[in-house]
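Spelled out from the first residue to the last, the chains are:
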Amino acid sequence: MNFTRKHIISTKDFSRDELDFILNRAERLEPNARSGSRLLDGRIVATLFYEPSTRTRLSFDTAVKRMGGTTVGFDSASSSSTVKGETLADTIRIIESYADAIVLRHSKEGAARMASEISRVPVINAGDGAGHHPTQTLLDLYTMRKECKKPISDLNVAIVGDLKYGRTVHSLAYALSLYDAQLSFVSPEGLKMPASIINYMKRKGIDIVETSVLADALSKADVLYMTRIQKERFPDPAEYQKVAGSYSITMKGLEGVKDDLIIMHPLPRVDEIAPEVDASKHARYFQQSFYGVPVRMAVLSLLMGVEV
Ligand code: NCD
């Protein structure tokens, strides 16, 4: 399988074999996520973040540096020439001549796709508005593979929270449909998974339960995937107030769950998971964020044609 110079824009562009191939490489590289390597010696990766980020930007940065490469970039639009009126297209035309790959986070859906049509170096979508976040999905799948006792295809996954604006869950839904996992989508009525994604999955024959009642999904779940209500995407703050705090996991709320349930969250959390849950045997969200490093090492080394 050859990923050299490919772009990573949406999980919808991948087959299950391709996803597994990337995850297998992540598995091989995981020891280097702490000890380091020289796989990207002399390579430069640009991280262009027009929206806030902690984990995604820093884990890409860490992944590059753990492979002996370097990064350039910015962490907000205000520190780039965007404030002077430069378009994203022009910025991409400049950066592609400086760097060997571009990691882009932008508030506009479709921004990464557009950048990939311009750039001669690989573009990785690190989040485009409420669109997609494919490398988050790769690390989510990796977490399920490493932390669950069953293969992904046998899992019952409850995805909870803001399914309308949450880009991580859009990407995850497409990917899990390739594995035939059983899915429950739990959200307030106004924040349901977009109809386009539901219809796509139904056409593929995927079994989906949609509900607004968390308890309906929780007892059957092997994976509880919590998400933040995406406050910044709401056109009207009053609408956000109506759904803020819709779901919150506490130790009491976990009574009756499967013994080996794992709880995941792309983070940051606001109030979806009480801090008391952090010490429970179910919590995996901090481990999950570590897995971003080997998974992004795998992606970057593949796009840059590095043999491992
Ligand atoms: C997510 C994002 O930016 O979409 N965070 C992340 O990348 N880990 C989720 C979120 O912001 O809620």
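The structure presented is a predicted model; accordingly, all values stated were derived computationally and were not measured.

### Side note on the overall build of the protein
Inference 1: The secondary structure content of the protein amounts to 11 helices and nine strands.
Inference 2: When its C-alpha atoms are laid out on the principal axes, the protein stretches across 55 × 45 × 40 Å.
Inference 3: Relative to all contacts within the protein whose residues are 6 or more apart in sequence, the contacts with residues 24 or more apart total 75%.
Inference 4: About 13,000 Å² of surface is accessible on the protein, with carbon and sulfur atoms providing 48% of the total.
Inference 5: If you average the places of the 40 positive and of the 38 negative side-chain charges in the protein, the two averages end up 3 Å apart.

### Comments concerning the pattern of salt bridges
Inference 1: Evaluated as defined, the whole model comprises 20 salt bridges.
Inference 2: Residue D222 pairs with K150 through a salt bridge whose shortest N-O separation is 3.3 Å. Remark: K150 occurs in the loop between α6 (134-147) and β5 (156-160) and D222 occurs in the loop between α9 (214-218) and β8 (223-226); sequence separation between them is 72 residues.
Inference 3: Here D222 falls in the buried class, since its relative accessible area comes to 4%.

### Examining the nonpolar core
Inference 1: Core analysis: the largest hydrophobic core is formed by 64 residues, its most contacted members being L141, M144, I159, L176, F185, M201 and L300.
Inference 2: Per-element tally for this core: the top contributor is helix α11 (residues 285-303), with 10 residues.
Inference 3: Two domains each put at least three residues into this core: domain 1 (11-132 + 292-303) and domain 2 (134-289).
Inference 4: Setting aside residues no more than four positions away along its own chain, L300 makes contact with L40, V45, F60, A63, V64, M67 and I124.
Inference 5: One finds V186, L224, V257 and Y285 within the second-largest nonpolar core, a separate group that totals 21 residues.

### A short note on the domain arrangement of the protein
Inference 1: The domain architecture assigned to the protein consists of domain 1 (11-132 + 292-303) and domain 2 (134-289).
Inference 2: When each unit is reduced to the centre of its C-alpha atoms, the spacing between domain 1 and domain 2 is 24 Å.
Inference 3: Taken together, the 33 residues of domain 1 in the interface contact 26 residues of domain 2.
Inference 4: Carbon and sulfur atoms make up 57% of the area that domain 1 and domain 2 hide from each other, which totals about 2,600 Å².
Inference 5: Area buried by domain 1 at its contact with domain 2 is led by T11, R16 and R55, which between them contribute 24% of it.
Inference 6: There are five salt bridges connecting domain 1 and domain 2.
Inference 7: We note a salt bridge from E51 to R233, for which the minimum N-O separation is 2.8 Å.
Inference 8: Joining domain 1 to domain 2, the criterion identifies 15 residue pairs in polar contact (both at pLDDT 80 or more).

Rules of the game
- Per chain, residue numbering runs from 1 following the sequence as it is written.
- Restriction of local features to residues with pLDDT of at least 70 applies here, the model being predicted, together with a cutoff of 80 or more for giving and counting side-chain atom pairs; totals for whole chains, interfaces and linings are based on all residues.
- Working from all heavy atoms in the structure, the side-chain values ignore hydrogens and water.
- Working definition: helices are DSSP H or I runs of at least four residues, strands are E runs of at least two. Numbering for both runs from the N terminus.
- Whether two residues are in contact is decided by their heavy atoms, any of which lying within 4.5 Å being enough.
- Only the protein chains shown count as covering a residue, and every accessible area follows the Shrake-Rupley method with a 1.4 Å probe.
- His is not counted, nor are the chain ends; Lys and Arg add positive charge and Asp and Glu add negative charge.
- In plain terms, the charge of a residue is placed at NZ if it is Lys, CZ if Arg, CG if Asp and CD if Glu.
- Whenever a carboxyl oxygen of Asp or Glu lies within 4 Å of a side-chain nitrogen of Lys or Arg, that contact is scored as a salt bridge.
- Under the scheme applied here, a residue whose accessible area is under 20% of the maximum for its type counts as buried, over 50% as exposed, and between as partly exposed, the area being computed with a 1.4 Å probe on protein chains only.
- As used here, the term nonpolar core means buried Ala, Val, Leu, Ile, Met, Phe, Trp, Tyr and Cys residues forming a set that is joined through side-chain atoms within 4.5 Å.
- Domain ranges listed in this record stem from an automatic or a database domain assignment.
- In short, buried area is how much 1.4 Å probe accessible area vanishes from two parts on joining, totalled over both.
- N or O atoms closer than or at 3.5 Å make up a polar contact, with two conditions inside protein: a donor-capable atom paired with an acceptor-capable one, and, for residues adjacent in sequence, both atoms drawn from side chains.

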